[in-house]
Amino acid sequence: MRLPRRPRLLLPVAIALVAIVALFFLFSGIYTDYLWFDATNYTSVFTGVLLTQIVLFLVGAVLMVGIAGGNMLLAFRMRPMFGPAMFGGGSGADRYRMALDPHRKLIFIVGMGLLALFSGSSFAGQWETWLEFVNGVSFGKQDKLFGLDISFYMFDYPFIRMVLNFLFTAVIISIVLAAITHYLYGGFRLQSPGVHASRAARTHLSVLLGIFLLLKAVAYWFDRFGLVFSDRGFVNGASYTDVNAVLPAKTILAIIALICAALFFAGVVRPGGMLPGVSAGLLVLSAILIGGVYPALVEQFQVKPNQQGKEAAYIQRNIEATREAYNVDKTEVENYNAESDPAKVQKDGDTSVSGVRLLDPALVSSTYEQTQRIRGFYSFGDTLDVDRYPDSTGKLVDHVVGVRELTGPPEGQNNWINKALVYTHGYGFVAAPGNQVDTSGLPAYDAKDMPVTGPLTTSTKLREPRVYYGEDPSSAEYVIAGGNPKNPQELDYPKTGGTGQENTTYTGGGVRVGSFVNRLVYAAKYGEANILLSGDINDSSKILYVRNPRDRVEKVAPFLTLDGNPYPAIVDGRITWIIDGYTTSNDYPYSQSESLGDMTRDTSTDRRVIAQQPTDKINYIRNSVKATVDAYDGTVKLYGWDTNDPMLKTWSKAFPGIIRPASEMSPDLRNHIRYPEDLFKVQRYTLSRYHITDPAAFYSGQDFWNVPGDPTQGDKNIKQPPYYLTTTMPGGTPTFSLTTTFVPRQGGANLSAFMAVDSSAGSGYGRLRILRMPSNSPIPGPGQIQNAFQSRLAGQLNVMGVGSSSLRYGNLLTLPYAGGLVYIEPVYVQVAAGGGQEPYPILQRVLVSYGSKIGVGPTLDQALQEVFGGEQQQQNPTEQQQQTVPSQTNTAINTAIGNAKKAYEDAQKALQSSPPNWDAYGDAQKRLEEALKALEGANQATPSATPSATPSVSPSASPSATPSAPASPSPSPTGSQAGGTS
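Below is a short write-up of the structure. Note that the structure is predicted; figures quoted are calculated from it, not measured.

1. So, the pairing of strand β33 (residues 820-831)
Move 1: Taking burial as the measure, the 12 residues of β33 include 12 buried ones, the bulk of the element.
Move 2: Burial of β33 is two-sided: the residues Gly 820, Val 822, Ile 824, Pro 826, Tyr 828 and Gln 830 facing one way and the residues Leu 821, Tyr 823, Glu 825, Val 827, Val 829 and Val 831 facing the other way are all buried.
Move 3: Summarising the sheet, strand β31 (residues 806-809) and β33 pair through four bridges and their orientation is antiparallel. Among the inter-strand pairings, Tyr 809 is bridged to a residue of β33, identified as Val 827.
Move 4: Pairing of strand β32 (residues 813-817) with β33, which is carried by five bridges, proceeds in the antiparallel orientation. Considered in β33, the bridge of Tyr 817 is made with Gly 820.

2. Things to note about the packing of helix α10 (residues 307-325) against helix α21 (residues 677-690)
Move 1: As a packed pair, α10 and α21 sit with axes 11 Å apart at the nearest point and diverge in direction by 155 degrees. Taken together, the axes of α10 and α21 are roughly antiparallel relative to one another. The interaxial crossing formed by α10 with α21 has left-handed handedness. Between α10, through Asn 318, Ile 319, Thr 322 and Arg 323, and α21, the contact on the second element is made entirely by Thr 686, Leu 687 and Tyr 690.

3. With respect to helix α4 (residues 104-124)
Move 1: Its 21 residues give α4 an end-to-end C-alpha distance of 29 Å, which sits within 8% of 30 Å, the value for a rise of 1.5 Å per residue.
Move 2: Among all positions in α4, only Met 112, Leu 115, Ala 116, Ser 119, Gly 120, Phe 123 and Ala 124 are buried. Buried residues of α4, seen end-on, are gathered within an arc of 145 degrees and therefore sit on one face of the element. Relative to its buried face, α4 has exposed residues pointing more than 90 degrees away, namely Leu 106 and Phe 118.
Move 3: Along its buried surface, α4 packs onto α2 (43-77), α5 (127-135) and α6 (150-184).

4. Topic: the pairing of strand β9 (residues 429-433)
Move 1: Of all five residues in β9, five are buried, a share of seventy percent or more.
Move 2: The side-chain alternation of β9 yields two buried faces, one formed by Phe 429, Ala 431 and Pro 433 and the other by Val 430 and Ala 432.
Move 3: Across five bridges, strand β6 (residues 396-403) lies against β9 in antiparallel orientation. The residue of β9 that forms the bridge with Gly 402 is Val 430.

5. Description of the pattern of salt bridges
Between side chains of opposite charge, pairing is possible as soon as their charged atoms come close.
Move 1: Going through the model one piece at a time under the given rule, you end up with 25 salt bridges.
Move 2: With a closest N to O distance of 3.8 Å, Arg 674 and Asp 385 form a salt bridge. In this pair, Arg 674 sits in the loop between α20 (667-671) and α21 while Asp 385 sits in strand β5 (residues 385-390), placing the two residues 289 residues apart along the sequence.
Move 3: Taking relative accessible area as the criterion, Asp 385 reaches 6% and is therefore assigned buried.
Move 4: Note that Arg 622 and Asp 642 form a salt bridge whose closest N and O atoms lie 4.0 Å from each other. One end of the pair, Arg 622, is in strand β21 (residues 620-630); the other, Asp 642, is in the loop between β22 (636-640) and α19 (646-654), with 20 residues separating them in the sequence. No difference in accessibility class separates Arg 622 from Asp 642, as the two residues are buried.

Criteria and cut-off values
Residues numbered from 1 in each chain as written. Predicted model: local features only at pLDDT ≥ 70, side-chain atom pairs only at ≥ 80, totals over all residues. Heavy atoms only, no water. Buried < 20%, exposed > 50% of the residue type's maximum accessible area, 1.4 Å probe, protein only. Helix = DSSP H or I, 4+ residues; strand = E, 2+ residues; numbered from the N terminus. Pairing = 2+ DSSP bridges. Axes fitted to C-alpha atoms, helices over the stretch in contact; angles between N-to-C directions. Parallel < 35°, antiparallel > 145°, perpendicular 65-115°, else oblique. Left-handed = near helix turned anticlockwise from the far one by under 90°. Contact = heavy atoms within 4.5 Å. Expected span 1.5 Å × (residues − 1). Arc of directions from axis to C-beta. Salt bridge = Lys/Arg side-chain N within 4 Å of Asp/Glu carboxyl O.

Right, here's the structure in full:
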């Protein structure tokens, strides 16, 4: 039935319109990408990647269509002259041929078009493999098995496998299409007895199968080189079985496949199916017996009975390659007796830990949020960052830093104008010394408020506090800024006094969106007609998007794997995001392959929520690039950091000029460079096993380590994160470091080792050092110390965490100190502030452990004094026996508890006022401190009383000592600090 004339005319018009719309949106995506790269001055990356993808797409499409389509056309041209009748009549294929034959050209064109699309797209997706192949540089190091340069495995071998996979796919598709064509047009018939085929069909298919076997021979030959990635043995890399059984088997199979290919080619001149059948059977049987059964027998009867001896040489290769690939081969390991001697500390006057960082960046984020957010549409990151800034004396001190980012317009005001044109940026840099709190237990901010004030902003000469580019995922996908220089409409910050606002106009870079074409393509990109229609957009307007610093670096350097934790710093007067970039690969011979996500996952990082690279498995990593993103104008800069990395040299050849030499870094930027967290996590994961360099000891695994669970989280399955802090290694000077601990892998809680890496840019940067604890005497690990703190000081701590308050334990820091180890842990009380504010933690106590001594105090200095000066508290409370408390002491205790209760209630009232009355709170905290000191004195007057039981008085002791009347912790007295200078 034919369609009426008008519908028949409308159908092609509708198809044309759909095609035009689709092409327009495709053009919009490509064109807006180009505009973005042009605005960031990285068009060479855009054009380089795009042209490479186009060329590969065309090559893949043309080759696939040429091979598969050519064979299909050849089969059609070779069809029998007299059709199916030559084999004695029709068959079921006739019906299909009669149905398809009238449309064969259309079917062929559409089929080849789809095949070209899929094959071209697949080939284009391998652009990184191609660029590494054509730009690869030598490693100057050979593998142990074949003596080839490492670059062959890193750059050449993946490309060879890619080409072989493509050719295999093309030949298999060709065989299938040719067989279907021959069948439809009578080239052969499946009928009794056997298969009847024309000479042309038999010749054609024999040649294709011969080519397939020829490719198989080539693949078997190159499979030999892939043995360096084998996971058959005890570790990754070619094992005893691979070298002595699989390697010769692959060589033999390559020869057999070559012979079988020749037999198939012989079938062209010799009719009959005997030779092809014999060759196919020979190859299958050989693959099973030589490629499968023989290696399995060697593994079972030669290797397993004596695996340690047989695999020793190959384990040694794996150890050496893994340590080189993960850049831990120069790690310094030294024995450390960890003999704690407080008398030595008193004698030497060692005070190097008195300025250690106490503020936990994972906890005080909510404190920053509640005390420095200023307005509800600003926020700070869930975990803040640690950096170094000078104090008033010019000495570098660890700081906890964050930026005040914009989440969006207030609730109820989230219209397009506010979201895109008014609420365009965050504002301000907030920082506090990590070793100090104020009299209320809050961070002692030296950069705060809006406009930004504080001594830190003066010393760093912060000129531009606005944050158009940040990490907050709730910020708008794009904003349009800079359009009204004479009449600013972008909210800058609220005016003093609580009413009104200061406005500003953006003057940085971005994509100009004033022209009709640009407005049209961005309206299409974001599906927002207001971009096209708004009268507030003019020639000065710029659209800002891809505003997450990590996303920006990933876009301009798609060949890098990026660290999961960008951090902000004041660099040359501007807020700058610093991101570490890694070159990674899973093609380093003999190196152990692991999941990047598994190696870096802990309580501070979960890479499952971070955009993943194409593959999560790696066995090679270098911190090759330090990238910066200007928080105001989004300028991206890439600095080559590890200039010896062959992968960085390769990508620098592929994209010349985009990576600057590290010598172009300003001194201010260098001062804020730090060793990256993810790399350190990967290296500590590797060194938990590969600190062992002897194959026999590695095989036994008795000295393998684990990263301990985070004791402050109560979950042993979540690893403790590494900590940035200034520490002093034996024989060294105080250095900004990244530190971690190890415990035994086999169910141990004792400390096995302490590891630190120098994190400040300089001659010592990247120096990895491990202090190995004695194996014959137990040293308490983080979990044991946490238990000791909580059991020994249960009374003093629990009394702070009842009622509307709750205890939060900060990062448990481990430090080598005076020949032993000191553990330092801040304790926060999380209180509800009232006035609609959410609870947030306030630092109230510092816990210290050194050897068998434990100290607690409102400041670090006081806790250290308990440990190293005067009468010491013993760590084991079971050695003390609680005795009857004299009545006069009971009276003193009850009085002190009553005073503490009153002070606590006054402090709560001060907090719950709106805004919180910090002066009244501080006064109440002073009285609470005095009450707790009186409580402690009354307890000490009690013969053999258990200190840990004192603060937790039974309700029957006094009417005032009830659970509803807890005593809040006290902060430092006025003017004191939780710790001295760093």
